[in-house]
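Structural description and commentary
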2 protein chains.
Amino acid sequence: MARLLITSGPTRQYLDPVRYITNCSSGLMGAALAQAALELGHQVTILTGPVTICYPDAASVIEVLSTDEMLSHAVAQFPDFDGVIGAAAPCDYKPSQVSQEKLVKDGSGINLELFETPDVIATLGQSKLDHQWVVGFALETDDHRFRATTKAQQKCCDLIVLNGVTALNSTMTSIHILTQQGECVLRAHGTKQDVSHEILSVVQRRLIDFDGEEGP
Amino acid sequence: MARLLITSGPTRQYLDPVRYITNCSSGLMGAALAQAALELGHQVTILTGPVTICYPDAASVIEVLSTDEMLSHAVAQFPDFDGVIGAAAPCDYKPSQVSQEKLVKDGSGINLELFETPDVIATLGQSKLDHQWVVGFALETDDHRFRATTKAQQKCCDLIVLNGVTALNSTMTSIHILTQQGECVLRAHGTKQDVSHEILSVVQRRLIDFDGEEGP
């Protein structure tokens, strides 16, 4: 039995009390991964942004709103886990200033300076201990395998799951799993439930059952 | 029997294929207003942005994504209706440019120029015929009655419903209904279902049953 942290869903970065930047991540992939992990007998905690779906009852759920909140919970929780699967789509830009009052339209528009938010999975990857593992997700609008491999290296991910924008808020997905060296160890297409079982099989074989004597 | 158009839910304005600006409008108020109108025997069409709630089966539903889409459907549909209730929270800023590819983080952030989107209810209000009526909503983070009245005048609304930011994505709401002259004709607090019945009573009395011989 391993202890798995799964990040899931979108986060929000507010411009003012009403408007925010986000994406249409639904949490479906995180829920499906959690269910697959629970069925393998693992202990699962889901760290989720705002979603309307229901997570498996047997998982613990921590709810956050912004990327900074997701990061701080992830950093605080990670020492208690064996590994993390980063299925969330944290909003990676945030306004340099957040208005306390609703911005009032005056006909002239606004100029919004956006900073990059800290990368949750990269932060965990860079601080992970020898016994811990990190599986990242890369969402690309093209099949940018090279960029996904670079991301795996930069984020210190043991494995990276590459998927496309059509997976967002869909019940279906198509994925590749790449190692840091760019080797493709799984291609899968189907419902998020079915694909999650395949992903968890790879995680189980390469990261959980692995005895540490040779590279995963 | 009147023919009512109800706008509902948020809209999205995309920065790139993944990220968008929106708000947490749930469509609950639009659904409750539709239900209250149907119970009074009216014919109801809901023009809605992306929501996860279910609308009443007896209402027709038109789904849109962006504010421009909501506007073009509203303008095309409005001649077939006696009145419109603008319960939607259309996103009122849109990026001057939308990237066709997912924006790639490079550590430097981005500068986003936002234009104001056209106002759906103001456009309908300014083009309405003598027999048609328009009820707007104003969402303010303070109790800005003066601004709501100004909005009613600018948008040519017969009535404006003033509510607060806490109403967004909540099952409860607190509203005032103001005339163009700033007269408060209803204060109500409660579930969106109960408040919707009170709003529809005012609409029925002042706009639907009204015989046209004196100001509503």
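Residues numbered from 1 in each chain as written. Chains lettered and ligands numbered in written order. Predicted model: local features only at pLDDT ≥ 70, side-chain atom pairs only at ≥ 80, totals over all residues. Heavy atoms only, no water.

**A short note on the confidence of the model for chain A**
Residue and element names in this part refer to chain A. Scored by pLDDT, chain A has a mean of 90; 92% of the residues are at 70 or more. Counted against residues more than four places away or in other chains, residues 212-216, with its pLDDT under 50, gives 4 contacts. Our summary of model confidence lists the complex with pTM equal to 0.89 and ipTM equal to 0.88. (pLDDT = per-residue confidence, 0-100. Contact = heavy atoms within 4.5 Å.)

**Focus: the interface of chain B and chain A**
At the interface, 40 residues of chain B touch 40 residues of chain A. The interface formed by chain B and chain A includes 2 salt bridges. Elements supplying a minimum of two residues to the side of chain B that touches chain A: β3 (19-23), β8 (110-116) and α4 (145-154) of chain B. A per-class count over the side of chain B that touches chain A returns 17 nonpolar, 10 polar and 13 charged. Relative to β8 of chain B, strand β8 (residues 110-116) of chain A runs antiparallel, the two sharing 5 bridges. Within the sheet, the bridge partner assigned to isoleucine 110 of chain A lies in β8 of chain B and is leucine 114 of chain B. (Salt bridge = Lys/Arg side-chain N within 4 Å of Asp/Glu carboxyl O. Helix = DSSP H or I, 4+ residues; strand = E, 2+ residues; numbered from the N terminus. Nonpolar A, V, L, I, M, F, W, Y, C, P; charged D, E, K, R; others polar. Pairing = 2+ DSSP bridges.)

**Notes on the relation of the copies chain B and chain A**
Once chain B is rotated about the relating axis by 180° and shifted along it by 0.0 Å, it coincides with chain A to within an RMSD of 0.0 Å. Here the copies are linked by what is in effect a two-fold axis. (Least-squares fit on C-alpha atoms with pLDDT ≥ 70 in both.)

**As for the pattern of salt bridges**
All chains considered together, the criterion is met by 10 salt bridges over all chains. Of the charged contacts, one joins aspartate 16 of chain B and arginine 19 of chain B as a salt bridge, the two residues approaching to 2.6 Å between their closest N and O atoms. Classification of aspartate 16 of chain B as buried rests on a relative accessible area of 1%. The class of arginine 19 of chain B is buried, set by a relative accessible area of 3%. Because the salt bridges share partners, they merge into one network encompassing Asp16 and Arg19 of chain A together with Asp92 of chain B. (Buried < 20%, exposed > 50% of the residue type's maximum accessible area, 1.4 Å probe, protein only.)

**Comments concerning the sheet that holds β3 of chain B**
Spatially, β2(A)-β3(A)-β3(B)-β2(B) is the arrangement adopted by the 4 strands of the open sheet, whose pairing is antiparallel. For this open sheet the edge positions go to β2 (13-14) of chain A together with β2 (13-14) of chain B, each flanked by a neighbour on one side alone. Across 2 bridges, the pairing between β2 of chain B and β3 of chain B is antiparallel. Bridge pairing in β3 of chain B links tyrosine 14 of chain B to tyrosine 20 of chain B.

**Things to note about helix α2 (residues 67-77) of chain B**
Residues and elements named next belong to chain B. Where α2 is concerned, the buried positions are Thr67, Met70, Leu71 and Ala74. In an axial view of α2, the angular spread of the buried residues amounts to 100°, which keeps them on one side of the axis. Residues of α2 that are buried in the fold lie against β1 (3-8), β2, β4 (43-48) and α3 (120-127). (Arc of directions from axis to C-beta.)

**A few points about the side chain of threonine 45 of chain B**
In this structure, threonine 45 of chain B sits in strand β4. Ignoring sequence-local partners within four residues, the contact set of threonine 45 of chain B consists of Leu4, Leu5, Ile6, Ser60, Ile62 and Phe81 of chain B.

**Quick word on the state of the cysteines**
All names here are of chain B. One pass over the full model with this rule turns up 0 disulfides over all chains. Free cysteine: cysteine 184, not disulfide-bonded; nearest cysteine sulfur from cysteine 157 at 16 Å. On the basis of relative accessibility, which here comes to 27%, the residue cysteine 184 falls in the partly exposed class. (Disulfide = S-S within 2.5 Å.)

**Here's the deal with the side chain of arginine 19 of chain B**
Here arginine 19 of chain B lies in strand β3. Looking at arginine 19 of chain B, its side chain comes within polar contact range of the side chain of aspartate 16 of chain B, at 2.6 Å. In terms of polar contacts, arginine 19 of chain B uses its side chain to reach the backbone carbonyl oxygen of leucine 103 of chain B, at 3.0 Å. Those residues within four positions of arginine 19 of chain B in sequence are excluded, and the remaining contacts are Ile21, Thr22, Asp92 and Tyr93 of chain A together with Gln13, Tyr14, Lys102 and Leu103 of chain B. (Polar contact = N/O pair within 3.5 Å; in protein donor to acceptor, adjacent residues only side chain to side chain.)

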